[in-house]
Amino acid sequence: MALKNFLNVRISDLAVMYIKLHRFHWFVEGPLFLPLHEKYEELYDEMTALFDEFAERLLAIGGAPASTMKEYLSLTQISEDGSEVTPKAIFETLIKDYTFLAEELKKGIAIAQGEDDEATADMFIGTITTLEKHVWMFKQSIK
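Source: prediction; values computed, not measured.

Asks: Describe the side chain of T93, and please don't skip the residues or the numbers.
Replies: Within the secondary structure, T93 sits in helix α4 (residues 87-114). We classify T93 as buried; its relative accessible area is 10%. Discounting chain neighbours no more than four positions away, the residues touching T93 are K20, F24 and E84.

Pasting the structure below:
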């Protein structure tokens, strides 16, 4: 897969994750409401920044980022199930989705380096570090 196409799929994944994180934020309830409500807001704000960074990188290398829900839904590899309601189910979904994104970005490093684009590879590396830290925290939260 060409780097520009790869970036568009990841942009779409990040868009869907942003929406999912908002849903988690809006519908959290129970004794952990306050810390989880705040955490999900922190996560969707972070996802917004990643989404924008990836789209701007694609523009910088001459691509055109997907920019409609129709495009995102046709390209994403992230499920938009919507059945998660408990904190445990939400964290399990986040573990799955964030792990998937990190693994995909590891593949993206090779794609970027194959196109002599070390800046994009570096962006992927930094993002992987962030995603993997969140996965660790999510796992600790459901022990």
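Asks: Pulling in residues and values, what's your account of the packing of helix α1 (residues 3-27) against helix α5 (residues 118-141)?
Replies: In contact at an axis separation of 12 Å, α1 and α5 are set at 25° when each is read in the N-to-C sense. On the basis of the axis angle, α1 is roughly parallel to α5. By crossing handedness, the relation of α1 to α5 is classed as left-handed. Within the contact between the two elements, α1 uses L3, F6 and L7 and α5 uses T120, M123 and F124. Across the contact of α1 with α5, the residue classes break down as five nonpolar, one polar and no charged.

Asks: Give me the nonpolar core: which residues, what numbers.
Replies: Grouped together as the largest cluster of nonpolar side chains are 40 residues, with contacts concentrated most on M17, L21, Y40, F54, L94, Y98 and F124. Only α1, α2 (33-60), α4 and α5 provide two or more residues apiece to this core.

Asks: So what's going on with α4? Which residues, and what values?
Replies: Taking 1.5 Å per residue as the helical rise, α4 with its 28 residues ought to reach 40 Å, and the 40 Å between its terminal C-alpha atoms agrees with that figure. At the C-terminal side of α4, D116 shows a positive phi close to 55°.

Asks: Any chance you could break down the packing of α4 against α5 for me, citing the residues and the numbers?
Replies: At a minimum axis separation of 8 Å, α4 and α5 run at an interaxial angle of 160°. It follows that α4 is roughly antiparallel to α5 by the angle criterion. Crossing geometry of α4 relative to α5 is assigned as left-handed. Of the residues in the contact of α4 with α5, the class split is 16 nonpolar, seven polar and four charged.

Asks: An account of the environment of L21 is requested, with residue identities and associated values reported.
Replies: Structurally, L21 is set in helix α1. With relative accessibility at 0%, the residue L21 sits in the buried group. In the structure, L21 is positioned 67 residues away from K88 in sequence and 14 Å away in space, judged by C-alpha atoms. Beyond its immediate stretch of four places on either side in the chain, L21 contacts Y40, L43, Y44, M47, L94 and Y98.

Conventions used here
- Residues numbered from 1 in each chain as written.
- Predicted model: local features only at pLDDT ≥ 70, side-chain atom pairs only at ≥ 80, totals over all residues.
- Heavy atoms only, no water.
- Helix = DSSP H or I, 4+ residues; strand = E, 2+ residues; numbered from the N terminus.
- Buried < 20%, exposed > 50% of the residue type's maximum accessible area, 1.4 Å probe, protein only.
- Contact = heavy atoms within 4.5 Å.
- Axes fitted to C-alpha atoms, helices over the stretch in contact; angles between N-to-C directions.
- Parallel < 35°, antiparallel > 145°, perpendicular 65-115°, else oblique.
- Left-handed = near helix turned anticlockwise from the far one by under 90°.
- Nonpolar A, V, L, I, M, F, W, Y, C, P; charged D, E, K, R; others polar.
- Core = buried A, V, L, I, M, F, W, Y, C linked by side-chain atoms within 4.5 Å.
- Expected span 1.5 Å × (residues − 1).

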